[in-house]
Structure formats: structure tokens, C-alpha cells
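# Summary of the model geometry
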Amino acid sequence: MSRKGTRGRVGILVALLALALWPAAGGAQQAPQDTLQAVLRRGELIVGTFDFFPPWGYRDAQNNLVGMDVDIAKDLAEQMKVKLTLVPVPTAPDRINFLVAGKIDVAISNFTATVERSKTITFTDPYVIDGFGVIFNKAAKIKDWPDLNGKKVAVTVGSTGEILLSQKAPKAQALRFDQASAALLAVQQGKADAQIEDYTYTVYHAGRDPKKSLGFIEKPFDLNPYAFGVRKGDQEWLNFLNFYIYKLHQSGKMKELYRKWFNAEPFRVSPSW
Amino acid sequence: MPGYVFQFRLVFQELPLLLGGALTTVHLSVLTLLLSLAVGTLGAVCRLSRHAWLRRPATWYVEAIRNTPLLVQLFFIYFGLGQINVDVPNYVAALAGLVLNNGAYLTEIVRAGIEAIPKSQHDASVSLGMSYVQRMRHVIFPQAFRVIYPPLANQFIGIILFSSLVSVIAVEDLALRGKMIISRSFRSFETYIVVTAMYVVMTVTISAALKLLGRRLFRHA
Amino acid sequence: MTSVPNFVQDQLNRWDALLLAVGLWNTVRLCAVGLLIGLGIALVVGLARASRRPWLWVPAAAYIEVIRDSPILMQLYVIFFALPILLKVEIPVFWAGVAALVVNGSAFMAEIVRAGVQSVGRDQWEAARSLGMSYLQIMRWVVLPQAVRVMIPPGVGLLIGLVKDSSVVSVLSYVELTRAGQILMEKTFLSFQVFGLVAALYFAICYPLSRLARYSERRLAVGG
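Source: prediction; values computed, not measured. (Residues numbered from 1 in each chain as written. Chains lettered and ligands numbered in written order. Predicted model: local features only at pLDDT ≥ 70, side-chain atom pairs only at ≥ 80, totals over all residues. Heavy atoms only, no water.)

## Comments concerning the overall build of chain A
For chain A, the count of helices and strands is nine helices and 11 strands. Counting every position in chain A, which comprises 273 residues, the buried fraction comes to 59%. Restricting the contact set of chain A to residue pairs at least 6 apart, pairs at least 24 apart contribute 69%. Split by element, the accessible area of chain A, about 11,500 Å² in all, is 56% carbon and sulfur. (Helix = DSSP H or I, 4+ residues; strand = E, 2+ residues; numbered from the N terminus. Buried < 20%, exposed > 50% of the residue type's maximum accessible area, 1.4 Å probe, protein only. Contact = heavy atoms within 4.5 Å. Areas by Shrake-Rupley, 256 points an atom, 1.4 Å probe, with all protein chains shown as cover.)

Next up, the structure:
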């Protein structure tokens, strides 16, 4: 068996490598979509959210999926008069992976719109503005962003926080986790000194720690838009969702939801400069 | 699904990152193999002991590990112990989890190896006046090693493959590096194919090398 | 600055016990379906592997080899993300999990099927042939009954392996037992209790199975 076995294995290896090295198959670019019609025909809206990121998408005491994004998804489905199916998205990059793979119709999951991500998917107009924040272990004596250098900082793979870490504190040691909740747990247990995440996240969690061992940097850094994510080439769906978001702001529902979840006024979505 | 344009080039640009992760996977696996072989040998000796106070805990250890998933064991060691203020850094937790996990399987493999040695060998060495330790060291273990070598080589392949799970506790192995590349290039399809291919290359190369080594080590009869 | 409605849960409540039960049930579902389909595939692949015709045993050997040389985590990702693109059909999380378990389990089991089939001596084949039995008849009445006896203990071992492997499906956020544990850990920060409980639940399933495997091994020991 040995000689044949080794040759057979080499053969398989070659086949796999050939497959892996297969040049860009000249397929068509992403064909134009019509998710709006697909949703209406199906009678079902499939929304991707997180289930580990309070207060945007998380599990409450009864383990139901709740949160700000969940409320928005419910409202959207109600307005479209279709059934809502929430799909928990495992990690930050999976919001894009799931969209591109067609597993969800839209990603409503505290999705920060960036230029880089816009190359692969399309963002709607912003529905909320958030900044970046740092949540840290009080024992680590962190006052501001430069203090992160030389410390262990937990980040989520594929999040805007991960990118920010390499920019703001290049000398910090990164601990990369799949989900923000795992990164938070690492900070809470002292395995990491701090975590970079969206500002509202840091405020929320610093407040909820029963041991009161977590602090956060008071001023949010660099205000950024959250938007819904949709596939490229999906113009009608994009227009529809943009209009929905406009109505969300205009009707005051957005302010109402923000007050419900954050006990505060939202940042102004349309900045003036 | 609409037409998908494959772009393996984007993944191959990041090859250095992937190779760095592969290196971590390899040396984590080698360390695990050596340490879990030690644990397995100790465990096997305990399992075969006449003393119940050695035999029973060893049996509990083996049964506890073999009937629970590695992922849960890793979470327990890293986050679970962390909650009761036993802080285990992520690389150590990964190593500990892998060693404890494989140690249990190796305990059974080494035990089978020792039990495969005919009683005549034990009797002969006793009649030569050897103590238990001498007997084990010079007669039983060398012969047992031949028997356990194939399943041991097999187990090493398993170690390499299952080491991909340590990516969930922030150890930058090949799997985590793959996820990082996906987060930048958004090419999940191409990345997973390339990473899988890299694991297969590692596994097949190492198992062929081990087979060769085995043939050379055990050349005589 | 802002004060947010605090959601602090210090202890596990009965809803959490319910979630663990749901996770446990989904784990059982994954493995039961995976076992059924996996055994079928293992039978086909194992018989193909045991065949002497190259067009059968080469693809079977290639399949077994590739699966055994790649991590189940990667197989799961490839099945979930890549396969739908290639096959142009959507694969829900549950079925992606089942597929990964099937693929992994069948590669392992196929070797056992092959060994089981090949353990039935050639003389039996020849005797059956001389009685005028066809291939299928020989398989059904002579070879498989004997092979199955040899295959039951490792078959139970396969099921135990599936139960443990199913924990990997948690990375797709499918609420099986491990994911249920992660959810509770995120909510309550009580990792020690939660994962201790989760480990105990896995043990409660696997340990009886492993006793069953050992028992069946003794009872079904093929003599001489």
C-alpha cells in the first residue's frame, strides 16, 4: 500500500493545488439583483444581525433575540407586510460573507460604513452615528488612546476596531477574537487590558459590569455612520431601504428607539461642516 | 447566486501572513505531541497500576476528556478558569487544552502498546533481576514504542487538524490568519480553499515523513 | 454621559436551562441525521474502496484521503460558503452542519466498512459464487451480516465522534449545545458554571455510548 499510497496522496495534492491556483474564472460580474421583488414574492424578509452585541442585537433574560437593530428589522418587515426571519451572523466579516453568498437580504447589525467595505457591498444612507471607544480594565491605568501602546488589547477580527488599533496604537499587542463578546470577556477577566469597539458598546458594558471593574474613555473618537448592508447591483432594494431610513428619521421613530435603548439623544445623522 | 468572480490572487498576496500562521500551527502541534506523549505514558502506567489510587483518577481523566469536545475544553480552560481568577494566557490555554486532550487518547494508545508486550518479556526481565523502572525503561517501552508508532503518527495528524480550533481563543494559527485575510479581502471561498489546501499539504508531508522515519527506525525485524 | 438601561444577569435562570435543552436537542438532531446519512455514504464509499476496480477505488480513496487530511472546521466553512456557489443551491446552517459531520464521519467509517468487508474470507466468496449467488445476494446474505458484527463497536465510536465534532457547528451561530453555552457565557459572564454544565451534558450523552461500544465489542467478539 505504501508506494501506491504515497503516489495517490501526491496526486491528490497536485489536484487540490491546481484547483486552488485556478486563475480568476472569467465569470460575469455580479448580475443585477432585485432583492425587493424577491422579498415581496417570498413574503419573508431575511435580516442578518448579531446575537452577542448589546444593545444592538443580543439575547435577553428569556434568550430572545432583541436589540435596537432587531427592533428596526421588525419595523421594516412590518412596513413591508412580510414575515421577518432573523439570522444571527457569527462574526463581523460574516455580515459581508452572508450577503455576498445570498444567505440574507440585508445586514442590519451596527454595520459601520467604510470605503473599504463599500468595494464589496453597498451601504444605505446612515441610520445612526456612532464613534469609537475603548473599554478597559480599571487596573490597567488607561486614560487615553496612546496609553494602549504596550498593552494587550482585545479586538474583533474584521471590525473597524481592529483596523483602528493598528493605526492608533501600533505598539499594542492584539488579541484577536471572533466575536466582540469573547473580547469583552477577556478584558473583564484581565486577560486583556482593553478592548476597542463602537462607543455605545463601551458605554453600555462599562455600566453593566457588576464588579464595576471596567472603565471607558469618555469622549467618542471619530464619529462614523452605521448603515444597512446590501449586495452590489441591487439598486431597487437600495433605493427602497434609503427611503425607509428617511422615513425612520422623519417620523421620529429612530429617536424613539434610540431613547429606548440608550436613554439619550442620538448623535445628529446629518452633520454640518 | 449571481456570477462569482474568483480571485485567488488576493489570497496569494497574503501568503506570508498564512505561512506565519502555519508555523504557529506546526510548532504548537509538535510541542503538543511531545508533551501529550509524556502525559500519555504517565497515564498508561497509572492505568495499568495495581494501586487503585493511581488507576482510578487516570481512568476518570481519560473518560472525562474522551467524552467531551475539545472546543468546550478550550473554552473551559481559557474563559472558565479565568472566571474563578485562574488566569491562563491564550497560548498556554491552547497548549494545555491540546495536551490534556491528546494525553487522554495517547494514554489508551500507550496502554495498548504496553499490553501488547507478551508476559514472557516481563518474566524474563524479572528473572534477570531488573526493577520495575529498569524493566520498563530498557525492555518494555522500546518494544512498546514500535507498536504505538503507527497510531501515534496518526494521532499527530489529528493534533495538527484539531489545532485549528485554538483560533477561537485568539491564538494566531493558520485558521485565525485565514479569518483575518477574509476580513480584509472578503474572499471567503478562495481563502478557505487555500487554507484547507495548506492543511492537507502539511498533513500529507508530515505523515509521509513519519512513515519514512518509522521504516528506518524499525528496520530490524 | 449616557446611561443605558442596564441588563445584568448574575445567575442562570430557567430560560437558560431551556436554551441548554434546545442546544442539546439540536446537537442530538445533528448527530442522528448525520449518523443515518453518514452510515449510508460510508457503506457506499467503503464498498467502493474495497473494490478492485480502479474507477471505483481511486475516487473513494481520494475522497477518504482528502477528508481525513483536512480540519473539520475548514470543511464546514467550505461546505457552508463555497458549495452553494458551486452547486447554485442555498445550504441552510443545519444541513451544512450535517454535511460536515457526514463527510467527516463517512471518511472515517468507510475505512472500517472496507476492513469489515475485507475481513470476510475469500473462501466464503468462492463458496457463495459456486452456489450461483450474484454479487448483491452475496453482499446481502453472506458478507454484510458478518461485516456488520465487526463494524458495530467502531460504529458506536463514530457516533461519539459525531457528538463531539458537532460542537464545531457553533462557529456558524447554529444553536447547538456549545453555542448555547457561548450565548449564556456572553450574557452572564459565568463561564465556569456554564461550560462546566455544557461539558457535563456532553459527557452524559457520550459516556453511556462508550460503555455501549465496549459492551458490544465484548458480546460481538468474532471468535477464532
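After that view, the rundown keeps rolling.
## Points about the interface of chain B and chain C
Tallying the contact residues gives 36 residues for chain B and 39 residues for chain C. Surface buried jointly by chain B and chain C totals about 3,300 Å² across both partners, of which 74% is contributed by carbon and sulfur atoms. Between chain B and chain C we count one salt bridge in total. A salt bridge links R214 of chain C to E63 of chain B, with the shortest nitrogen-to-oxygen separation between them at 3.4 Å. In this assembly, chain B and chain C are joined by eight residue pairs in polar contact (both at pLDDT 80 or more). Breaking the side of chain B that touches chain C down by element, the ones donating at least two residues are helix 3 (52–66), helix 4 (70–83), helix 7 (132–162), helix 8 (174–185) and helix 9 (188–217) of chain B. Per element, the largest residue contribution to the side of chain B that touches chain C is nine residues, and it comes from helix 9 of chain B. (Buried area = accessible area lost by both parts, 1.4 Å probe. Salt bridge = Lys/Arg side-chain N within 4 Å of Asp/Glu carboxyl O. Polar contact = N/O pair within 3.5 Å; in protein donor to acceptor, adjacent residues only side chain to side chain.)

## Concerning the side chain of D105 of chain A
Residue and element names in this part refer to chain A. Within the element layout of this structure, D105 appears in the loop between helix 4 (92–100) and strand 5 (106–107). There is a polar contact of 3.0 Å between the side chain of D105 and the side chain of R42. Look past the residues within four positions of D105 in its chain and what remains in contact with it is T35, V39, R42, E44, L45, I46, L99, V230, R231 and W237.

## Digging into the environment of P16 of chain B
When you line up the elements, P16 of chain B lands in helix 2 (residues 15–47). A C-alpha to C-alpha distance of 58 Å links P16 of chain B and G129 of chain B, two positions 113 residues apart in sequence.

## Considering the pairing of strand 8 (residues 173–177) of chain A
All names here are of chain A. Note that strand 7 (residues 152–156) and strand 8 share five bridges and pair parallel. By the bridge assignment for strand 8, T156 is matched with F177. In this fold, the crossover linking strand 7 to strand 8 by way of helix 5 (residues 160–168) has right-handed handedness. (Pairing = 2+ DSSP bridges. Right-handed = clockwise from strand over helix to strand, strands pointing away.)

## Looking at the confidence of the model for chain C
With 95% of its residues at a pLDDT of 70 or more, chain C shows a mean pLDDT of 86. Scoring of the predicted complex yields 0.89 for pTM and 0.88 for ipTM. (pLDDT = per-residue confidence, 0-100.)

## Quick look at helix 6 (residues 180–188) of chain A
Residue and element names in this part refer to chain A. Summarising burial for helix 6: nine of the nine residues are buried, a large majority. For helix 6, every residue scored as buried is listed here: A180, S181, A182, A183, L184, L185, A186, V187 and Q188. Where helix 6 terminates, the next one or two residues include G190, which has phi positive at roughly 85°.

## Some points on the interface of chain C and chain A
Listed by partner, the interface residues are 36 residues for chain C and 39 residues for chain A. Counting each side, the surface lost to burial between chain C and chain A is near 3,200 Å², with a carbon and sulfur contribution of 60%. When the shortest N-O distance is used, the salt bridge between D51 of chain A and R179 of chain C registers 2.8 Å. At the junction of chain C and chain A, the tally comes to 10 residue pairs in polar contact (both at pLDDT 80 or more). Take the side of chain C that touches chain A: its biggest share by element is six residues, from helix 7 (residues 177–188) of chain C. Looking at side-chain class alone, the side of chain C that touches chain A contains 21 nonpolar, seven polar and eight charged residues. (Nonpolar A, V, L, I, M, F, W, Y, C, P; charged D, E, K, R; others polar.)

## Quick word on the packing of helix 2 of chain B against helix 5 (residues 90–115) of chain B
All names here are of chain B. Where helix 2 contacts helix 5, the two axes come as close as 6 Å, and the packing angle between them is 45°. With respect to each other, helix 2 and helix 5 are oriented oblique. The two elements helix 2 and helix 5 cross, and the hand of that crossing is right-handed. Here the contact of helix 2 with helix 5 is built from residues that sort into 13 nonpolar, nine polar and three charged. (Axes fitted to C-alpha atoms, helices over the stretch in contact; angles between N-to-C directions. Parallel < 35°, antiparallel > 145°, perpendicular 65-115°, else oblique. Left-handed = near helix turned anticlockwise from the far one by under 90°.)

## Some remarks on the packing of aromatic side chains
Two aromatic rings, taken as a pair, are described by how far apart their centres are and by the angle between their planes. According to the stated counting rule, one finds 29 aromatic pairs over all chains in the structure shown. Relative to F53 of chain A, the ring of F50 of chain A lies with its centre 6.0 Å away and its plane at 40°, an arrangement referred to as tilted. For F50 of chain A, a relative accessible area of 4% translates into the label buried. Judged by relative accessible area, F53 of chain A falls into the buried class, the value being 2%. Aromatic side chains W237 of chain A and F240 of chain A sit 5.8 Å apart centroid to centroid with 10° between the ring planes, which places their arrangement in the stacked category. With W237 of chain A and F240 of chain A both in helix 8 (residues 235–250) and three residues apart, this pair spans about one turn of that helix. You can call W237 of chain A buried: its relative accessible area is 0%. Following the ring pairs from residue to residue traces out a cluster consisting of F98 of chain A, Y192 of chain B together with Y77, F80 and F81 of chain C. Directly above the aromatic system of F80 of chain C lies the positively charged group of K103 of chain A, at a separation of 3.8 Å from the ring centroid. Above the ring of W141 of chain C, the side-chain terminus of R140 of chain C is found at 4.2 Å from the ring centroid. (Phe/Tyr/Trp six-rings, centres within 6.5 Å; stacked < 30°, edge-to-face > 60°. Lys NZ or Arg CZ within 6 Å of the ring centre and 35° of its normal.)

## Some details on a nonpolar patch on the surface
Residues and elements named next belong to chain C. A cluster of nonpolar side chains, contributed by L36, I37, I41 and W95, occupies part of the molecular surface with about 390 Å² of accessible area. Ranked by residue count, the leading element in the nonpolar patch is helix 1 (residues 14–50), at three residues. Mapped onto the elements, W95 comes out in helix 4 (residues 93–119). Taking relative accessible area as the criterion, W95 reaches 44% and is therefore assigned partly exposed. (Patch = residues over 30% accessible without salt bridge, like charges linked within 9 Å, V, L, I, M, F, W, Y side chains within 5 Å.)

## Regarding the pattern of salt bridges
Residue and element names in this part refer to chain A. Enumeration according to the criterion identifies 24 salt bridges over all chains in this entry. For the salt bridge of K260 with D71, the shortest nitrogen-to-oxygen distance reads 2.7 Å. Here D71 lies in helix 3 (residues 68–80) and K260 lies in helix 9 (residues 253–262), a separation of 189 residues in the sequence. In this structure K260 comes out as partly exposed when scored by relative accessible area, which is 47%.

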